[in-house]
Amino acid sequence: MNLGIKPNRWIFGLLICCTLASSLTRAQNQAATEEPPFRGLPVRNDLATLSIERRVEDLLKQMTLEEKVGQLVQYSIGTPTGPGTGRSGYEEMIAGGQVGSLFNLENATAANRYQHIAMERSRLHIPLLFGLDVIHGYRTIFPVPLAMASTWDPPVVERAAHLAAEEATAAGVRWTFSPMVDIARDARWGRMIEGAGEDPFLGSEMARAYVRGYQGRRLDAPDSMASCAKHYVGYGAAEGGRDYNTAEISEHTLREFYLPPFYAALDEDGASVMSSFNALNGVPATANPFTLKQILRKEWQFQGLVTSDWTAVVELMAHGIANDGATAATKAFTAGVDMDMESNLYHTYLADMVKSGKVTEAQLDEGVRHVLRVKIALGLFEHPYTDETRKRTGPLDKENLELARIAAERSFVLLKNGNGKTIPPVLPLKKGQIVALIGPLADDAQNMLGSWAGRGQRDDVLTLKTALTEAIGAAKVKYAQGGQIRNSTDKEIADAVAAAKKANVAILALGEDAAQMSAEAGSRAHLDLPGRQEELLEKVVATGTPVVLVLFSGRPLTLSWAFERVSAALAAWFPGVQAGPALYRVLYGEAAPSGRLVVSWPRTVGQLPLYYNALSTGRPAGNTDLSHPPQNGIEKYVSRYVDELNSPQFPFGYGLSYTTFEYATPEVSATRISAKALNEYLRKRSPDQKRDVIVSVKVTNTGKNSADETVQLYVGLTGMSVAEPVKALKAFQRVALAPGDTKKVTFELEPEAFAIWGQRNEWGVEPGKATIWVSSNSSGQGGVSLEIGE
């Protein structure tokens, strides 16, 4: 199908259909952005191309009120009949044009059965859109998204997302509710597992990679599925780290930190957005016209689909802004939510709201346009059915497993390997050693899949126990489970201790339950090891056998005692189907650990929320010694704790390797740049614009092993109209270095690297001073400075 779009961009065509019915809306949106403050640029995302828009308008003219409402209704097929509808079932609703989307179907056969009803029995033959939570794989399960982000490797993320799309579309899924691009600064929030961490720049790069992977070169390709950036917006800032809780975020902070990954996903042609559960500054996000209309539609001019989260529309009553379902439906729809996921309120009340005038027909038509555009762009009208010969039920492909293993290896973060003083490095392990493999997660296939594991199967998983036994032989592995995640018996712990005493090294596989203790509704007030795992760890350490701690979790854990005493520690997250082979290869040095943290790792829960890109405050701790309680006024009256360090256990961007790297002093191409010139570049947004600032640094592998290093560039801005973070990530590169090798790493900084949201929430570059650091993590020192003139 020719959509009249450039081959590598399915929604980048220019809007030339100014005479069509939607042109008035577009003109109003454009006018709304022409205000004194520069609000940034529209996303490079436009579904309203001439060919699509003509078809949308033709359909709208033929649709009845009820059929229009039907396009805005979404149900889970897991419920046999429409919940609360009193109707006989989905088949009759679909035949009557009363359903626009279904999700949670099991296979292509089921999808085709319902699609045949829509295409053959409904009056206008509008196809259904089938969705599913394809979060980190469909059948081939990759590491959880927090781990995928820890690779700092967007090409690997893109390849994994594309494989997920290939597998999911073969089962009839053409819409995934991914990527989650929420910024997460609080490790108590369990849903941190589903995102890319605390940084907006890294989060934006990951968002783009997921969208490119899911949607491919053309959205109407049979192996392409529409992406959905979620949860819009501020969900990750839930107070107390408690899921679904309210968020209070200033407009400045919202624009500078929480919105950029959403913008990036849509700028990469993302097809849809999901509104979030939380209230934002007192207004539930599912009924927030400022974020949904002003920013998303007017400023960004997004033309795609906005869906609610599961029952989020009916939850407006629990939020307290609606006393009945009709009001909840009206507030959500008029605020900008096009599709009602599972609440049944649009189905029940929206037509009556239009008849009463509380919702105008023009508003209804605009919501339907957003849905139809995505369906047309997906090619569903021409190819509504899934080719069932694409179904795969057998073993996973070797090539897919290799990609899953590579992703897992690159996601592992080496947190400790000796301490340079009393504890020698223990990794990589030697094959001749006797290994005590201990812990409830050493042979737990289900937890290796992580949360939201699509249609992953535990039988596809190779655990650490399986891989280790196959690699070094059962005789060299002394396995003791040591109990369950939440509970252990005295005998189980005693057996583990006995195994450790017989071994040269002990590998302890400890951590959380992926489904119950992380992900959605998995908030935790305590971030230590659950059950008796801490006791198990302490008793194994007491044997004197060197301990390698392998942590499986969807968040940082507060384990100061362990990090001080174990020989080595590895953050393994939940690594997916190739957990065992990937862990074996990294632990034994066949692959070097190269993952880097995307969230600051706290020493204690009391430090949360914790993030590296914080403001200085008027009384920064600076060089104050915080290792003891304050002993005088100079030590006390600064921004600090009296009973803990300010610094994290491990900083953002941190990760060790089996070698060492040395950085030379960065070189910067300019000592002075012009704010005016950079602002001109920002407005032009030309891909061939001149880069005024080029930063280069020489990085040397000073160790004995080949490894990848993630070179990170941070910028700090001072003298602006608002206080800016002490430093913020603006670029990064992964480089491979053999022992003794030196490579010159060069960054051509975009104008955005120096742009901020100013005091009036104007986006642009302001005169002041910029400091640039190039280092291995966010705690690097010794930056170079340049002046930003008028």
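In the block above lies the structure referred to throughout.
Since the model is a prediction, treat every value here as computed from it, not as a measurement.

Conventions used here
- Residues numbered from 1 in each chain as written.
- Predicted model: local features only at pLDDT ≥ 70, side-chain atom pairs only at ≥ 80, totals over all residues.
- Heavy atoms only, no water.
- Helix = DSSP H or I, 4+ residues; strand = E, 2+ residues; numbered from the N terminus.
- Rg over C-alpha atoms; globule rule 2.2 N^0.38 Å.
- Buried < 20%, exposed > 50% of the residue type's maximum accessible area, 1.4 Å probe, protein only.
- Contact = heavy atoms within 4.5 Å.
- Areas by Shrake-Rupley, 256 points an atom, 1.4 Å probe, with all protein chains shown as cover.
- Arc of directions from axis to C-beta.
- Salt bridge = Lys/Arg side-chain N within 4 Å of Asp/Glu carboxyl O.
- Lys, Arg positive; Asp, Glu negative; His and termini not counted.
- Polar contact = N/O pair within 3.5 Å; in protein donor to acceptor, adjacent residues only side chain to side chain.
- Pairing = 2+ DSSP bridges.
- Axes fitted to C-alpha atoms, helices over the stretch in contact; angles between N-to-C directions.
- Parallel < 35°, antiparallel > 145°, perpendicular 65-115°, else oblique.
- Left-handed = near helix turned anticlockwise from the far one by under 90°.
- Nonpolar A, V, L, I, M, F, W, Y, C, P; charged D, E, K, R; others polar.
- Core = buried A, V, L, I, M, F, W, Y, C linked by side-chain atoms within 4.5 Å.

Q: What is the right way to look at the overall build of the protein in this model?
A: Broken down by element type, the protein carries 25 helices and 27 strands. For the protein, the C-alpha radius of gyration of 27 Å lies close to 28 Å, the compact-globule estimate for 790 residues. With the principal axes as the frame, the protein shows a C-alpha extent of 80 × 65 × 50 Å. Burial status across the protein gives 62% buried among its 790 residues. Intrachain contacts of the protein at a sequence separation of at least 6 include 79% that bridge at least 24 residues. Split by element, the accessible area of the protein, about 29,100 Å² in all, is 50% carbon and sulfur.

Q: How should helix 18 (residues 464-472) be read in this particular structure?
A: Spacing of three or four residues puts side chains on the same side of an α-helix, whose turn is 3.6 residues. When we look at burial in helix 18, the residues that qualify are L464, A467, L468 and I472. Here the buried residues of helix 18 occupy an arc of 100° about the axis, which is enough to place them on one side. Here the buried face of helix 18 lies against strand 12 (435-438), strand 13 (477-480), strand 14 (505-511) and helix 23 (579-587).

Q: Hey, could you run me through the pattern of salt bridges in this one?
A: Close approach of charged atoms lets side chains of opposite charge pair. For the structure shown, the criterion picks out 43 salt bridges. The residue E158 makes a salt bridge to R212 at a minimum N-O spacing of 2.9 Å. Taken together, the positions of E158 in helix 7 (residues 154-169) and R212 in helix 8 (residues 200-215) put the pair 54 residues apart, joining distant regions of the chain. Exposure remark for E158: the relative accessible area of 26% places this residue in the partly exposed category. One salt-bridge network, in which partners are shared between bridges, spans R44, E158, R208, R212, D267 and E268.

Q: Whenever I open this one, the side chain of E198 confuses me. Can you help?
A: Of note, E198 is situated in the loop between strand 4 (175-176) and helix 8. For E198, which is buried and forms no salt bridge, the nearest opposite charge comes from R185, at a distance of 7.0 Å. A polar atom in the side chain of E198 sits 2.7 Å from the backbone nitrogen of S600. Once you skip the residues sitting within four places of it in the chain, E198 turns out to touch I183, A184, R185, V598, V599, S600, L610, Y611, Y612, N613 and F652.

Q: How should I be thinking about unusual backbone geometry in this particular structure?
A: Glycine aside, residues mostly have negative phi angles, and peptide bonds mostly take the trans form. Between S178 and the following residue, P179, the backbone shows a cis peptide bond with an omega angle of 10°. Locating P179 in the fold gives a position in the loop between strand 4 and helix 8. For the peptide bond that leads from Y232 to V233, omega is 0°, which places it in the cis range. Tracing the backbone shows V233 in the loop between strand 5 (228-232) and helix 9 (251-258). Positioned with a positive phi, T617 is a non-glycine residue whose angle comes to about 75°. Note on placement: T617 falls in the loop between helix 23 and helix 24 (633-636).

Q: Hey, could you run me through the sheet that holds strand 9 (residues 305-307) in this one?
A: The strands that make up a sheet pair up through hydrogen bonds in the backbone, lying either parallel or antiparallel. The strand order across the open sheet formed by three strands is 5-6-9, and the pairing between neighbours is parallel. Of all the strands in the sheet, the pair left with one neighbour each is strand 5 and strand 9. The sheet shows a mean angle of 25° between the axes of neighbouring strands, direction not considered. Bridging between strand 6 (residues 272-275) and strand 9 involves three bridges; their strand directions are parallel. The partner of M274 across the bridge, within strand 9, is T307.

Q: So what exactly am I meant to see when it comes to the side chain of D460 here?
A: Here D460 is to be found in the loop between helix 17 (445-448) and helix 18. One polar contact links D460 to R139, side chain to side chain, over a distance of 2.8 Å. In this view, D460 contacts R139, L396 and V577; residues no more than four positions away in its chain are not counted.

Q: Looking at this structure, how should I read the packing of helix 18 against helix 23?
A: To describe two helices that pack against each other, one gives the angle between their axes and the distance between the axes. Direction vectors running N to C along helix 18 and helix 23 enclose 55°, while the axes themselves pass 7 Å from each other. Put simply, helix 18 runs oblique to helix 23. The crossing of helix 18 and helix 23 is right-handed. In contact with L464, A467, L468, A471 and I472 of helix 18, helix 23 contributes G580, P581, L583, Y584 and L587. Looking at the contact of helix 18 with helix 23 residue by residue, the class counts come to nine nonpolar, one polar and no charged.

Q: What is the right way to read the nonpolar core from this model?
A: Counting 132 residues, the largest nonpolar core has L415, I507 and V548 as its most contacted members. For this core, the element with the highest residue contribution is helix 7, accounting for eight residues. Beyond its immediate sequence surroundings of up to four residues, V548 is in contact with V426, L427, L429, V505, A506, I507, L508, A568 and L587. Listed in part, the 94 residues of the second largest apolar core include V56, M274, L296 and L350.

Q: What should I look at first to understand the environment of L570 in this one?
A: With respect to the secondary-structure elements, L570 resides in strand 16 (residues 568-571). Between the C-alpha atom of L570 and that of D269, which follows or precedes it by 301 residues, the distance is 36 Å.

Q: Is there a simple way to think about the environment of G703 in this case?
A: Along the polypeptide, G703 turns up in the loop between strand 20 (693-701) and strand 21 (707-718). Taking the C-alpha atoms as reference, G703 lies 29 Å from P602; in sequence the two are 101 residues apart. Excluding residues within four positions of it along the chain, G703 makes contact with T659, T660, P739 and G740.

Q: What's the story with the sheet that holds strand 4 in this structure? I'm lost.
A: Across the sheet, five strands lie side by side as 4-3-2-1-10; this open sheet has parallel pairing. The sheet terminates laterally at strand 4 and strand 10 (340-341), the two strands that pair on one side only. Across two bridges, the pairing between strand 1 (residues 73-76) and strand 10 is parallel. Considered in strand 10, the bridge of Q74 is made with M341.

Q: So what exactly am I meant to see when it comes to the packing of helix 9 against helix 11 (residues 289-299) here?
A: Where helix 9 contacts helix 11, the two axes come as close as 14 Å, and the packing angle between them is 55°. Viewed along their axes, helix 9 and helix 11 adopt a mutual orientation that is oblique. Both helix 9 and helix 11 take part in a crossing whose hand is right-handed. Facing helix 9, whose interface residues are E251, L254 and R255, helix 11 presents F290, T291, I295 and E299. Grouping the amino acids of the contact of helix 9 with helix 11 by side-chain chemistry returns three nonpolar, one polar and three charged.

Q: For this particular structure, what's the right way to read the pairing of strand 5?
A: Regular strands show a simple pattern: their side chains alternate between the two faces of the sheet. Counted residue by residue, strand 5 has five buried out of five residues, so it is predominantly covered. By the bridge criterion, three bridges tie strand 5 to strand 6 in an arrangement that is parallel. Each residue of the ladder has a partner; that of C228, found in strand 6, is S272.

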